[in-house]
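# Coordinate inspection notes
Here is how the chains run, residue by residue.
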Amino acid sequence: MNIRVKGVDLTDPLEEKKDKVIDSFVELYGEEYRPLIQQKINGMTFFFVPRMNGNQSIGDLKNQWAGALGIKKSILAVTIPERFQEAVKWLKRRELDRMIDKYYPQHKKIFEDYNKKLSEEIMKHITSYKKNLEEKKGNVVGDNFSYEDAIKDLTLRQLVLIQRPFKWGVGIETKDAKEYIAAYEVLGETFEGCENDDQKLQYLQKLYSESSVNNLRNDVVEKLIKNDPYLKDVAKTLDSLDIRGGKEYIEYGIERYTYLKEYTAAYAINYIEDKTAQLKTICVFPDATKVKDSLIMHEINHCIESVLLDAEMGIAKSGFDIVGCAGGNPKPQTKDVMTKRDKPRKYEKFSEIVNTWYEKKATEILHSKGVTLGLNQEEDNSEYSKGLPFFRDFIEDNFDIIKKSRTESDTKYSLDSLLGEDLSNELCEIADNILIEFDQETICADISQKTGRKISSFEDCVSLKNDLEVIKSLDGNSKKLFEYMTKIDGISKVLSEKKVAVLGDKSQLGEE
Amino acid sequence: MLVEIKMFSDIIKLNLVVDDKKCLIVNGKEKNVNVDSFVFRLKKIVEEWDEFMIDDSIMDGLSYSVSISENGSKKTYEGRNKFPNNFFSFISLMDGVR
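Quick caveat: nothing in here was measured; it's all calculated off a predicted structure.

Rules behind the numbers
Residues numbered from 1 in each chain as written. Chains lettered and ligands numbered in written order. Predicted model: local features only at pLDDT ≥ 70, side-chain atom pairs only at ≥ 80, totals over all residues. Heavy atoms only, no water. Helix = DSSP H or I, 4+ residues; strand = E, 2+ residues; numbered from the N terminus. Buried < 20%, exposed > 50% of the residue type's maximum accessible area, 1.4 Å probe, protein only. Contact = heavy atoms within 4.5 Å. Areas by Shrake-Rupley, 256 points an atom, 1.4 Å probe, with all protein chains shown as cover. Rg over C-alpha atoms; globule rule 2.2 N^0.38 Å. Lys, Arg positive; Asp, Glu negative; His and termini not counted. Charge placed at Lys NZ, Arg CZ, Asp CG, Glu CD. Pairing = 2+ DSSP bridges. Axes fitted to C-alpha atoms, helices over the stretch in contact; angles between N-to-C directions. Salt bridge = Lys/Arg side-chain N within 4 Å of Asp/Glu carboxyl O. Polar contact = N/O pair within 3.5 Å; in protein donor to acceptor, adjacent residues only side chain to side chain. Parallel < 35°, antiparallel > 145°, perpendicular 65-115°, else oblique. Left-handed = near helix turned anticlockwise from the far one by under 90°. Nonpolar A, V, L, I, M, F, W, Y, C, P; charged D, E, K, R; others polar. Phe/Tyr/Trp six-rings, centres within 6.5 Å; stacked < 30°, edge-to-face > 60°. Lys NZ or Arg CZ within 6 Å of the ring centre and 35° of its normal. Core = buried A, V, L, I, M, F, W, Y, C linked by side-chain atoms within 4.5 Å. Arc of directions from axis to C-beta.

From N to C terminus, chain A includes 26 helices and eight strands. Taking all 512 residues of chain A together, 55% fall into the buried category. For chain A, long-range pairs separated by at least 24 residues make up 70% of all intrachain contacts whose partners lie at least 6 apart in sequence. Accessible surface for chain A amounts to roughly 22,900 Å². Of this, 47% is attributable to carbon and sulfur atoms.

Right under this line is the structure:
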């Protein structure tokens, strides 16, 4: 199934543009890299998740959910007492309101109204049917709650106890104790051995199994995702790939990130093709609306740079780091194992900053050819790109050796070998701190206030790195940032000297 | 008690701290939330977590860490591209303060 949105085929976004994409990377890497770049890009698979159909009606959504949850409409009519039907519908929607936030924001207002009505409905039922609750107690199912049971045997007790935890995702809270205790007592239930509200709350918290709610939510999410027509297509494509170890491992990642689409725009996953024992790459874009050209080029460069080190063990190299591959065996899973091997992915942040440089250069070249790929042409503003101003000179002054270091398995090109462990660790620490610990807005405001200049980005900060008057006036993290710039320059010089010994004296950007 | 949460990806940078004055600060900005309730929920969520989870085959993606220091002891939970079963509850909690 081909899904085309805004002229882009979401199952194959490169299409006839693939040659231009290859040419762009060749222009950046050099002609001698063409065979590698061709082989890598031709072996890539793309998964876009296009949950962006603004024309989808509520009726379509309801049908989709009913199908996903395996519920027949007739069950509602037969098994639920007439007066509860409406509330059951509200409840069902409430469980899914986070789904709406993520996937169908255009319908959010409608479902906010539904949620409000849910609360009103529940309170109305509590008041109206108080007298009849005692005889209904016999219908209460046990605490091993399942969706099917809830549909068949839903009672007011479950409505009240379940609706709030579903909204917030965790158990009954202290601040809501009185509400829950009252609801439970209204149902005619007793708190065995409880003498005060605190004990009653603890009783309810035990009674209400949080893990059952989490399992239920996971179940609902998985059913929804597995019944999504597009993701069914993803599963079919995965079936067609020859993935060592099976598709399940990758499928799980795609499902998780479909739900976590607000938390990452893209990722790449390496796998070993079973018959050829070659390393191949799947790129996943959990939200098609966020797919920029630069993002696609970023993931393609991850693919170009990935080198298989040990097919049996499933160990590869990506950027400057040693990584695993789907289908590899064994996969290091514990911190102890990872720590023994090395500090896990110590280069990750620095490596991503470097990859962002590649991404930007390759995208510029692609655009200069008049080619675009993604659905969104906004400028790249990823978190990684915030670190680029500090390392741009470092990368461009040492591009030839960085290129070797990232595409070859020979350890003589590793940064640890070239710089020594201390300097390479320092480089990683600087990159980690700049990306994770330093807030661009806070630092720019601090520097602006202390220097009287208008500083609005890290790019502006770097432009002042030789201004001693400015540096003298700073303290705290702002001062540290400028100290980092000096250290990066120093490490860059060390790398420049080392590369002459390793590559000879022929290396300038694009001249190798 | 001190709580520190960090999340990082290509599109997310979240640094959350609950300090000893019970202030909840997200990316340098104090948030007006019920800190007791937040910490109660967080503790309930992470009690099921392993200390370290990683999917080592993914480039980019999401990394996270949660550390809770209390009464002289510190528990830390870290992960990268692999998530506990109740991670959606954690995301729900973070969505409430972001």
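Before going further, it helps to spend a moment on the overall build of chain B. A count of helices and strands for chain B gives two helices and eight strands. Across chain B, helices and strands are ordered from the amino to the carboxyl terminus as β-β-β-β-α-β-β-β-β-α. Computed over the C-alpha atoms, the radius of gyration of chain B is 13 Å, within 12% of the 13 Å expected from 2.2 N^0.38 for a compact globule of 98 residues. With the principal axes as the frame, chain B shows a C-alpha extent of 40 × 30 × 20 Å. The buried share of chain B, reckoned over its 98 residues, is 59%. A fraction of 53% describes how many contacts in chain B between residues 6 or more apart in sequence connect residues 24 or more apart. For chain B, the accessible surface area stands at approximately 4,000 Å², while carbon and sulfur atoms represent 43% of it. Averaged over its 14 positive side-chain charges, chain B has a centre that lies 5 Å from the centre of its 16 negative ones.

Right, let's talk about the sheet that holds strand 4 (residues 267-273) of chain A for a bit. Ordered in space as 3(A)-5(A)-4(A)-6(B), the four strands form an open sheet in which the pairing is mixed. The sheet is open, and its two borders are formed by strand 3 (45-48) of chain A together with strand 6 (58-60) of chain B, each paired with just one other strand. For this sheet, the mean angle separating the axes of adjacent strands, direction not counted, is 25 degrees. Summarising the sheet, strand 4 of chain A and strand 6 of chain B pair through three bridges and their orientation is antiparallel. Its bridge partner being in strand 6 of chain B, A:Y267 is matched across the sheet by B:D60.

What follows concerns the side chain of A:D321. Residues and elements named next belong to chain A. With respect to the element layout, D321 can be found in strand 8 (residues 321-324). The buried charged residue D321 lacks any salt bridge partner; its closest oppositely charged side chain belongs to R345, at an N-O distance of 5.4 Å. Here the side chain of D321 touches E348 through a polar contact of 3.0 Å, landing on its backbone nitrogen.

The strand order across the open sheet built from seven strands is 4-3-2-1-7-8-5 (chain B), with neighbouring strands paired in mixed fashion. Every interior strand has two partners, whereas the edge strands, strand 4 (29-31) and strand 5 (52-54) of chain B, have only one. Shown here is a sheet whose adjacent strand axes are inclined to one another by a mean of 15 degrees, direction ignored. Examined bridge by bridge, strand 7 (residues 63-70) of chain B and strand 8 (residues 73-80) of chain B share eight bridges and lie antiparallel to one another. Across the sheet, B:V66 pairs through a bridge with B:Y77, a residue of strand 8 of chain B. Contacts from helix 22 (residues 421-437) of chain A reach strand 1 (2-8) and strand 2 (13-18) of chain B within the one sheet, and its direction differs from that of strand 2 of chain B by about 75 degrees.

Moving on to the packing of helix 1 (residues 18-29) of chain A against helix 2 (residues 34-42) of chain A. All names here are of chain A. The interhelical angle for the contact between helix 1 and helix 2, taken along N-to-C directions, is 140 degrees, at an axis separation of 9 Å. By the angle between their directions, the pair helix 1 and helix 2 is classed as oblique. Like other packed secondary-structure pairs, helix 1 and helix 2 cross with a definite hand, here right-handed. On the side of helix 1, the interface is formed by K18, V21, I22, D23, F25, V26 and Y29, while helix 2 contributes R34, I37, Q38, I41 and N42. A class-by-class count of the residues in the contact of helix 1 with helix 2 yields seven nonpolar, two polar and three charged.

The subject of this paragraph is the packing of aromatic side chains. For the structure shown, the criterion picks out 21 aromatic pairs over all chains. Seen from their ring centres, A:F350 and A:F394 are 5.8 Å apart, and the 85 degrees between their planes marks the pair as edge-to-face. Here the residue A:F350 occupies a position in helix 18 (residues 348-368), and A:F394 occupies one in helix 19 (residues 388-397), the gap between them amounting to 44 residues. On the basis of relative accessibility, which here comes to 0%, the residue A:F350 falls in the buried class. A ring pair is formed by B:W49 and B:F90, whose centres lie 5.1 Å apart and whose planes are at 75 degrees; its orientation type is edge-to-face. Residue B:W49 is found in the loop between helix 1 (35-46) and strand 5, and its partner B:F90 is found in helix 2 (residues 87-95); the two are separated by 41 residues along the sequence. B:W49 gets classed as buried once you look at its relative accessible area, which sits at 6%. Positioned above the aromatic ring of A:F320, the side-chain terminus of A:R406 is 4.8 Å from the ring centre.

A:F25, A:I41, A:I300, A:F350 and A:F391 are the most contacted members of the largest nonpolar core, which totals 81 residues. For A:I300, the residues in contact, after removing those within four places along its chain, are A:L14, A:V21, A:F25, A:I41, A:M44 and A:F46. If you look at the next biggest cluster of nonpolar residues, it comprises 46 residues, including A:L238, A:Y263, A:I269 and B:I12.

Close approach of charged atoms allows side chains with opposite charge to pair. Tallied over the full model, the rule gives 27 salt bridges over all chains. In this structure, A:K487 and A:E426 form a salt bridge, with 3.4 Å as the shortest nitrogen-oxygen distance. On the criterion of sequence distance, the pair formed by A:K487 in helix 26 (residues 476-503) and A:E426 in helix 22 is long-range, its members being 61 residues apart. A relative accessible area of 40% means that A:K487 is categorised as partly exposed. Between A:E441 and B:K29 there is a salt bridge, with its nearest N and O atoms 3.7 Å apart. Of this pair, A:E441 sits in helix 23 (residues 440-451) while B:K29 sits in strand 4, placing the two residues on different chains. By relative accessible area, which is 48% here, B:K29 ends up partly exposed.

Okay, the environment of A:D432 next. Residues and elements named next belong to chain A. With respect to the secondary-structure elements, D432 resides in helix 22. Sequence separation between D432 and L415 is 17 residues, and the spatial gap between their C-alpha atoms is 16 Å. Contacts of D432, omitting those with residues within four sequence positions, involve K349 and E437.

A word on helix 2 of chain A. Considered for burial, the residues of helix 2 of chain A that qualify are A:I37, A:K40 and A:I41. Looking straight down helix 2 of chain A, one finds its buried side chains confined to an arc of 90 degrees; they lie on one side.

Another point: the packing of helix 20 (residues 399-407) of chain A against helix 26 of chain A. Two numbers describe a pair of packed helices, the interaxial angle and the distance between the axes. Residues and elements named next belong to chain A. For the pair helix 20 and helix 26, the least separation of the axes is 9 Å and the interaxial angle reads 65 degrees. Overall, the two elements helix 20 and helix 26 adopt an arrangement that is roughly perpendicular. When the axes of helix 20 and helix 26 are compared, the crossing they make is left-handed. Of helix 26, the residues touching helix 20 (which contributes D400, I401 and K404) are L495, K499, V502 and L503. For the contact of helix 20 with helix 26, the class distribution of residues is four nonpolar, no polar and three charged.

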